[in-house]
Amino acid sequence: MKGKSVWVTGHRGMVGSALVRALSKSEDCRILTATRQEVDLKDLSAVRRWMSDNRPDVVIVAAGKVGGVLANNSFPADFLYENLAISTNLIHSSFEGKVEKLLYLGSSCIYPRLAEQPIVEESLLAGPLEPTNEGYAVAKIAGIKLCQAYRKQYGCNFISAMPTNLYGPNDNFDLASSHVMPALIRKMHAAKLADEPVTLWGTGTPKREFLHVDDMADACLFLLKNYDGFGHINIGSGVDYKISELAEMIGDVVGYRGGFNYDTTKPDGMPRKLMDGTKLAAMGWRAKIDIHEGIRKAYDWYLKNVEQTGSAPRPT
Ligand SMILES: NC(=O)c1ccc[n+]([C@@H]2O[C@H](COP(=O)([O-])OP(=O)(O)OC[C@H]3O[C@@H](n4cnc5c(N)ncnc54)[C@H](OP(=O)(O)O)[C@@H]3O)[C@@H](O)[C@H]2O)c1
Ligand SMILES: C[C@@H]1O[C@H](OP(=O)(O)OP(=O)(O)OC[C@H]2O[C@@H](n3cnc4c(=O)[nH]c(N)nc43)[C@H](O)[C@@H]2O)[C@@H](O)[C@H](O)[C@@H]1O
């Protein structure tokens, strides 16, 4: 990507900020960013204007409305509408702006609720979706299909990657809207100090695969440099854990010695979503950050950035 202008959308978020770190470290390129105040990605004319003023060579779609199982279940219209708008505006204006390459990021929730495990890329649209995040999943599926349609009709080099559940620096630690990893780090730290038990949502039996966001960013740069295909590519670690097992692992790192209660009024979501990483492995990429090391890094980041203030500073 030497000499290219790369627009990382959503650069203040967990995924976008990891991509900016990775690009700054290893690529001799020009990184372009824009805050929501500068360009609301839901607004097609604003996106078009920004695109024609800045003329990126490469666009990474790492912006989106993102949240955990409860937020997705509670605000399906927002998750569907905002993600559809962001995807269509960025993909269409990248076509208009003759962008050389676009990387679209989706999520493992695009796959059917009861997909055969580990989930191969070909499982897409082979069965009904998980109802708690159907809105988000439909928007992300539309993004994949848009990339494929612009490739088929206009020859655009637009690729898609589906990362599994991510965690790391700049994660969202708000207990109402976060994913499980940051929520449990925060809850266990507070429970350790207060000497109280921790309440987990759901039954603790669903299984999830976790990937450190720096591994994900590394995989994205790998795909940008090595993949020009039609089909979307899974990005995962290849290992999944029950939520109750994840809680034990986080407890070990945080030093929480108490027990766990389960609030079964909260949703479990997908029973399991372990992705098959054969395609990416065959190209020569694999994850490097082990989950224990990853949880330690995430807990350190939480202590340094969130614990003191109650909310994390976002990158500018
Ligand atoms: N988190 C995960 O576990 C996960 C898993 C798989 C895939 N992904 C992929 O990664 C993407 C980003 O996830 P994340 O965890 O980095 O989320 P995040 O931390 O919430 O970051 C999302 C970013 O998108 C920006 N954004 C949202 N709506 C916007 C709008 N209308 N205009 C301009 N910017 C807007 C946000 O801007 P503000 O800073 O102004 O809010 C923020 O910078 C997802 O959409 C998904 O494709 C994430
Ligand atoms: C990656 C994202 O994953 C999301 O699904 P999903 O893995 O269930 O999202 P999470 O919110 O991470 O929840 C994973 C599992 O952890 C359980 N869990 C236990 N305690 C907690 C807690 O305190 N907070 C949270 N958040 N969960 C908790 C939750 O019930 C669920 O079974 C999708 O809704 C999105 O669309 C997206 O795909």
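Everything numeric here is computed off the predicted structure, so don't read it as measured data.

Basis of the calculations
Residues numbered from 1 in each chain as written. Chains lettered and ligands numbered in written order. Predicted model: local features only at pLDDT ≥ 70, side-chain atom pairs only at ≥ 80, totals over all residues. Heavy atoms only, no water. Helix = DSSP H or I, 4+ residues; strand = E, 2+ residues; numbered from the N terminus. Rg over C-alpha atoms; globule rule 2.2 N^0.38 Å. Buried < 20%, exposed > 50% of the residue type's maximum accessible area, 1.4 Å probe, protein only. Contact = heavy atoms within 4.5 Å. Pairing = 2+ DSSP bridges. Axes fitted to C-alpha atoms, helices over the stretch in contact; angles between N-to-C directions. Core = buried A, V, L, I, M, F, W, Y, C linked by side-chain atoms within 4.5 Å. Near = heavy atom within 4 Å. Polar contact = N/O pair within 3.5 Å; in protein donor to acceptor, adjacent residues only side chain to side chain. Nonpolar A, V, L, I, M, F, W, Y, C, P; charged D, E, K, R; others polar. Salt bridge = Lys/Arg side-chain N within 4 Å of Asp/Glu carboxyl O. Right-handed = clockwise from strand over helix to strand, strands pointing away. Phe/Tyr/Trp six-rings, centres within 6.5 Å; stacked < 30°, edge-to-face > 60°. Lys NZ or Arg CZ within 6 Å of the ring centre and 35° of its normal. Expected span 1.5 Å × (residues − 1).

Q: Could you give an account of the overall build of the chain, with specific residues and numbers?
A: Along the chain, the regular secondary structure elements total 10 helices and 11 strands. Relative to the 2.2 N^0.38 estimate, which gives 20 Å for 316 residues, the radius of gyration of the chain is 19 Å and therefore close to what a compact globule would have. For the chain, the spread of C-alpha atoms along the principal axes amounts to about 60 × 40 × 40 Å. Counting every position in the chain, which comprises 316 residues, the buried fraction comes to 53%. Sequence separation of at least 24 residues holds for 80% of the intrachain contacts in the chain that already meet a minimum separation of 6.

Q: Can you lay out the sheet that holds strand E8 (residues 207-212) for me, pointing to particular residues and giving the numbers?
A: An order of E6-E8-E10 is seen for the three strands of this open sheet, with the pairing classed as mixed. The open sheet has two free edges, formed respectively by strand E6 (165-167) and strand E10 (240-242), since each of these has just one partner strand. Shown here is a sheet whose adjacent strand axes are inclined to one another by a mean of 45°, direction ignored. This element, helix H7 (residues 213-226), spans E6 and E8 of the sheet and lies at about 70° to E8. Its contacts with the sheet place helix H10 (residues 291-307) against E6, E8 and E10, and it is angled at close to 50° to E6.

Q: Which residues make up the nonpolar core, and what are the values?
A: Trp7, Leu41 and Leu102 are the most contacted members of the largest nonpolar core, which has 37 residues in total. Where this core is concerned, the elements lending two or more residues are helix H2 (44-54), strand E3 (58-61), helix H4 (76-96), strand E4 (101-105), helix H5 (134-154) and strand E5 (158-163). With six residues, H5 is the single largest residue contributor to this core. Not counting residues within four places of it along the chain, the set of residues in contact with Leu102 comprises Val59, Val61, Leu90, Ile91, Ser94, Cys147, Asn157, Phe158 and Ile159. One finds Ala18, Val58, Cys220 and Ile235 within the second-largest nonpolar core, a separate group that totals 33 residues.

Q: With reference to specific residues and values, describe the site of ligand 1.
A: Close to ligand 1 lie 26 residues; Val15, Arg36, Asp40, Leu105 and Gly106 are nearest. Separating an oxygen atom of ligand 1 from a backbone N or O atom of Gly13 is a distance of 3.1 Å. With respect to ligand 1, the backbone of Met14 contributes an N or O atom lying 3.0 Å from an oxygen atom. Breaking the shell around ligand 1 down by element, the ones donating at least two residues are helix H1 (14-26), H5 and E6. Partitioning the shell around ligand 1 into residue classes produces 12 nonpolar, eight polar and six charged.

Q: Explain the pattern of salt bridges to me, using residue names and the numbers behind them.
A: If you walk through the whole model with that rule in mind, you get 14 salt bridges. The partner of Glu100 in a salt bridge is Lys4, with the nearest N and O atoms 2.9 Å apart. Placement of the pair is Glu100 in the loop between H4 and E4 and Lys4 in the segment before strand E1 (5-8), with a sequence separation of 96 residues. The partly exposed category is assigned to Glu100, whose relative accessible area is 41%. Owing to a relative accessible area of 27%, Lys4 belongs among the partly exposed residues under this scheme.

Q: How would you sum up the pairing of E4? Please name residues and give values.
A: Burial analysis of E4 places five of its five residues in the buried class, which makes it a mostly covered element. Bridging between E3 and E4 involves four bridges; their strand directions are parallel. Following the sheet pairing, Val59 is matched in E4 by Leu102. Judged from the four bridges that link them, E4 and E5 form a sheet pairing that is parallel. From the neighbouring strand, Leu105 faces E5, where its bridge partner is Ala161. Running through H5, the crossover from E4 to the neighbouring parallel element E5 is right-handed.

Q: Describe the packing of aromatic side chains, listing the residues and the values that go with them.
A: In total, this model carries nine aromatic pairs according to the counting rule given. Taken together, Phe95, Tyr150, Tyr154 and Phe158 form an aromatic cluster joined through their ring pairs. A cation sits over an aromatic face here: Lys65 above Phe79, 5.1 Å from the ring centre.

Q: Outline H7, listing residues and values.
A: Given 3.6 residues per turn, any residue in an α-helix points the same way as the ones three and four places further on. The end-to-end C-alpha distance of H7 is 20 Å, a good match for the 20 Å that 14 residues give at a rise of 1.5 Å each. Of all 14 residues that make up H7, 10 are buried, and the element is covered over most of its length. Turning to H7, its buried residues number three or more, namely Val213, Asp215, Met216, Ala217, Ala219, Cys220, Leu221, Phe222, Leu223 and Leu224.

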